[in-house]
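Inside the fold
Listed here are the chains, written in short residue letters.
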Amino acid sequence: MKIREPGRGWLLRLVIAFAFAQGAVSMARPAVSYRALALGADARAVGVIAGVYALLPLFAAVPLGRRTDHGRCAPLLPTGVALIATGCALSGRAGSLLEMAIWSGVMGLGHLSFVIGAQSLVARQSAPEDQDRNFGHFTIGASLGQLIGPIAAGQVVSEHADALARTSAAALFVSAVVAAFAVTSLWRIEHRTPAADRTRAGASDRSEGGGARSGRVSVVGILRTRGVASGIFISLAVLSATDILTAYLPVVGEQRSIAPAVIGLLLSVRAAATVACRLVMTPMIRLMGRTVLMAVSCLGAGLLCAALALPVPAWGLGILLAALGFCLGVGQPLSMTTVVQAAPDGARSTALALRLTGNRLGQVAAPAAAGLLAGLAGTAAPFVMLGVLLLASAGVAIRPTGRGAAPPAPAGAPAPRTEPSAEPAAEPAAEPRGARPPG
């Protein structure tokens, strides 16, 4: 059965919706940090609140992925938008650090719901050879949101301490309104017939291939599939870097007397460089290959993160963040493609959810560790920690694509892969060749 990719208008509308949703979150995250500072938080408390953002999603990702594997993706999108808007608005009304942490968690749950639905939609409605490109374009929406959100937060939040609580609350209310605009481009975004046919085809092939229960591959089996765990770790490292930059650059700015508007501009410079990277990612893959590109980008990002610990002026931070943003632009879309094409048939949304679980685990552990390090060794220490994490991911990036013949079936499902050359063209995860772009 040949599955034709639907027109790409859905992808453009998904990018627009993601830009609004991510813009709201990117505006809210530094605003949450500033509001927490206004309520008396120190660097350690800011790290805890940033970690709670990921705590609720940590337990919800796999159930949502299982549901999406056997149902529609689109309902998760407006649900996620509603939760993001609620978390932003109620964070602006919070009067204690505990309330800030709770509503930050609601915001994180909404973001997770949106992203699982959106990533699963891209995986289902993209031809295998177009997944690198489409995931790259999809993540441009995130980068656009990360570009605009911090600038908007910096413009709304006042640098005067006596107005910080009021202006940070205003930024959170504005971010709730921005999130609501995401629903305007979600109308009839899912092409249900191709998605359903693709899922059934994968389930049928897996069943005929011998023994694995269609759609119910165990979590351990998915994680033991060659390429999945490494893709998750790379994504975790890259997102942890982005997250801690967003949470801790305001703290660095306070200590170095850099105004919130400048901090917002610096965060947006990083996001703009990420957009630029994703616009040219396809020719970079052709030139270098996915393995080398991922390893080199993680290596460069690690060195640049460690350099942020140096006491450089604001213009120096801008240069470092521009280079860092370009390096960080590679990891997320390519890790999505790696996980999708390595995952067993009928479990791709669950594999993407596991990737997001890894992201959220990193967002819990990394800010907590960053807060502890900041309390013990100053606010430069978290950036050194990020550098080490990204250097480790550069080593991991080489491993899953070292050999092209590794079977993608999980170890828990011993059914042999008997006919890779006879797999239908519409089965992106059935052949490891999908994980090898030219180059």
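The sections below set out a description of the structure shown in this document. (Residues numbered from 1 in each chain as written. Predicted model: local features only at pLDDT ≥ 70, side-chain atom pairs only at ≥ 80, totals over all residues. Heavy atoms only, no water.)

Regarding the nonpolar core
For clarity, the threshold we go by: The set of buried Ala, Val, Leu, Ile, Met, Phe, Trp, Tyr and Cys residues whose side-chain atoms join them within 4.5 Å is what this entry labels a nonpolar core. Three exposure classes are used, based on accessible area relative to the maximum for each residue type with a 1.4 Å probe and protein chains only: buried under 20%, partly exposed in between, and exposed over 50%. A run of H or I in DSSP becomes a helix once it reaches four residues, and a run of E becomes a strand once it reaches two; helices and strands are each numbered from the N terminus. Only heavy atoms matter for contacts: two residues are in contact if any of them lie within 4.5 Å across the pair.
Within the largest apolar cluster, 109 residues are counted, with the highest numbers of intra-cluster contacts made by Leu14, Phe114, Phe138, Tyr248 and Leu324. The greatest single-element share of this core, amounting to 15 residues, is contributed by helix H1 (residues 9-38). If near-sequence neighbours (up to four positions away) are discounted, leucine 324 is found in contact with Leu245, Ala301, Leu304, Cys305 and Leu308. With 10 residues, the next largest nonpolar core counts Val217, Val228, Ile232 and Val339 among its residues.

With respect to the environment of alanine 271
Relative to the elements of secondary structure, alanine 271 occurs in helix H10 (residues 260-279). Accessibility expressed as a relative area gives 0% for alanine 271, which makes it buried. Linking alanine 271 and alanine 322, residues 51 residues apart in sequence, is a C-alpha distance of 8.0 Å. Setting aside its immediate chain neighbours within four residues, alanine 271 contacts Ser143, Gln146 and Leu147.

Quick word on the packing of aromatic side chains
Heads up, the condition is: Ring pairs are drawn from Phe, Tyr and Trp, using the six-membered ring of Trp, whenever the two centres fall within 6.5 Å, and their geometry is named by plane angle: stacked under 30 degrees, edge-to-face over 60, tilted for the rest.
Going through the model one piece at a time under the given rule, you end up with three aromatic pairs. Ring geometry for phenylalanine 18 against phenylalanine 138: centres 4.6 Å apart, planes inclined by 15°, an arrangement best described as stacked. Of this pair, phenylalanine 18 sits in helix H1 while phenylalanine 138 sits in helix H5 (residues 131-156), placing them 120 residues apart in sequence. Across the pair, exposure class does not vary: phenylalanine 18 and phenylalanine 138 are buried alike. The interplanar angle of 25° and the centroid separation of 5.8 Å between the aromatic rings of phenylalanine 20 and phenylalanine 181 together place this pair among those described as stacked. Of this pair, phenylalanine 20 sits in helix H1 while phenylalanine 181 sits in the loop between helix H6 (164-180) and helix H7 (192-210), and the two are 161 residues apart along the sequence. Residue class for phenylalanine 20 comes out partly exposed when judged on its relative accessible area of 29%. Owing to a relative accessible area of 44%, phenylalanine 181 belongs among the partly exposed residues under this scheme. Aromatic rings pair up to connect Phe18, Phe114 and Phe138 into one cluster.

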